[in-house]
Amino acid sequence: MDFSGKTVVITGGATGIGFAVAKVLGADGSRIVIAEPRREKLDEAAEALAGLGVDCCAVECDVTDLAQVEALADAAWERFGRVDVVMNNAGISIPASTVVEGSLDDVRAVFEVNFFGVWHGCRVFGRRFLDQDGEAAIYNTGSENSLFLASSSIAAYAATKHAVFALTEGLREQMPDRIHVGLILPGFVRSEMSAGIGHLGMDTDVYAAKVVEQMRNDEELVVSHPYHMVHVRDRYDRLSRAFAEYAPRYEGDDEHDCRTLFS
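The shown structure was predicted, so the numbers you read here are calculated from the model rather than taken from an experiment.

**Student:** Break down the side chain of threonine 160 for me, with residues and values.
**Tutor:** Locating threonine 160 in the fold gives a position in helix H5 (residues 155-174). Reaching out from threonine 160, the side chain makes a polar contact with the side chain of asparagine 114 at a distance of 3.4 Å. Excluding anything up to four places from it in sequence, threonine 160 contacts Val110, Phe111 and Asn114.

Set out below in structure tokens:
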């Protein structure tokens, strides 16, 4: 995709990865709509983008509220006449905990933002992209925790990001070819969610440049941190050993395979 002249909506766009991507796409000539619930953060980000010559607007939006996501879409179309790309990026973390002792309220809260917030964005913008002529793109922000568990103490957060991977894969198969669907898989990047240890993460602007390069190339899986493959291979190897031992391949073994039976 050539982003010059395109309208891009970014939830969680006032800080962190979302804001960094907004700067890069704005430099490409995109018109930017940033969304997040904190007005003061929006105003700071919008002023900074405007200072860089980016045509942008800022909309208060809590992605857990479907009506507010609809209002965000209304505001974007009213301001710019069309939207070409949505980046469902808003996310939160919760305190580290164990599965058996962690707060269920915290677990529900992180799912409301990280999973249902993404679902809302896919639903609202996906419907409008289907009704709108031309190409469009939906990018969902997952995590390294979509692929493996970075830490056992963040199982709830990781579960939301595993779920976003499944949601994105399903949406990709449901959408026509003219609507691209991609999953962004950040690793450890400096952001509000890495407060106190952020200096150890990848520079956010460096990360955003990697992301946008892959968005320009219409990649389905947007990656960044090379060492992730060590953990991905470990999970794959464990699965391979289990299947080799207890469910080895045989001629005609697709007899009970859902994708074979129902495709």
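**Student:** Residues and numbers for the nonpolar core, please.
**Tutor:** In terms of nonpolar packing, the biggest core is built from 35 residues, with Val9, Val33, Leu72, Val83, Phe125, Phe129 and Ile138 touching the most fellow members. For this core, the secondary structure elements donating two or more residues are strand E2 (31-36), strand E3 (56-60), helix H3 (66-80), helix H4 (104-131), strand E5 (136-141), H5 and strand E6 (179-184). Here the element with the most residues in this core is H4; it accounts for seven residues. If we ignore the near neighbours within four places in the chain, the residues touching isoleucine 138 are Val86, Asn88, Cys122, Gly126, Phe129, Leu171, Met175, Ile179, His180, Val181 and Gly182. Counting 32 residues, the second-largest nonpolar core is a separate cluster that includes Phe3, Ala14, Val54 and Ala208.

**Student:** Before we move on, can you summarise H4 with the specific residues and values?
**Tutor:** Every α-helical turn comprises 3.6 residues, leaving residues that sit three or four positions apart pointing alike. Between its first and last C-alpha, H4 extends 39 Å over 28 residues, near the 40 Å set by a 1.5 Å rise per residue. Roughly 35 degrees is the biggest bend found in H4, and it falls at glutamate 112. Between the side-chain oxygen of the N-cap and the backbone nitrogen of aspartate 105 there are 3.2 Å, and the N-cap of H4 in question is serine 103.

**Student:** An account of a negative patch on the surface is requested, with residue identities and associated values reported.
**Tutor:** A cluster of acidic residues, Glu135, Glu213, Asp218 and Glu219, forms a negative patch on the protein surface. On the accessibility criterion, glutamate 219 (34% relative accessible area) is partly exposed.

**Student:** Hey, could you go over the pattern of salt bridges for me, with residue numbers and the actual values?
**Tutor:** On inspection of all chains with the given rule, the structure shows 17 salt bridges. Close ionic contact of arginine 38 with glutamate 192 constitutes a salt bridge, the shortest N to O distance being 2.9 Å. Here glutamate 192 lies in the loop between E6 and helix H6 (204-216) and arginine 38 lies in the loop between E2 and helix H2 (39-51), a separation of 154 residues in the sequence. When its relative accessible area of 30% is taken as the criterion, arginine 38 is described as partly exposed. The partly exposed category is assigned to glutamate 192, whose relative accessible area is 41%.

The rules behind the values
- Residues numbered from 1 in each chain as written.
- Predicted model: local features only at pLDDT ≥ 70, side-chain atom pairs only at ≥ 80, totals over all residues.
- Heavy atoms only, no water.
- Helix = DSSP H or I, 4+ residues; strand = E, 2+ residues; numbered from the N terminus.
- Polar contact = N/O pair within 3.5 Å; in protein donor to acceptor, adjacent residues only side chain to side chain.
- Contact = heavy atoms within 4.5 Å.
- Core = buried A, V, L, I, M, F, W, Y, C linked by side-chain atoms within 4.5 Å.
- Buried < 20%, exposed > 50% of the residue type's maximum accessible area, 1.4 Å probe, protein only.
- Expected span 1.5 Å × (residues − 1).
- Bend = angle between axes of the 7 residues up to and from the residue.
- Patch = residues over 30% accessible without salt bridge, like charges linked within 9 Å, V, L, I, M, F, W, Y side chains within 5 Å.
- Areas by Shrake-Rupley, 256 points an atom, 1.4 Å probe, with all protein chains shown as cover.
- Salt bridge = Lys/Arg side-chain N within 4 Å of Asp/Glu carboxyl O.
- Lys, Arg positive; Asp, Glu negative; His and termini not counted.
- Charge placed at Lys NZ, Arg CZ, Asp CG, Glu CD.

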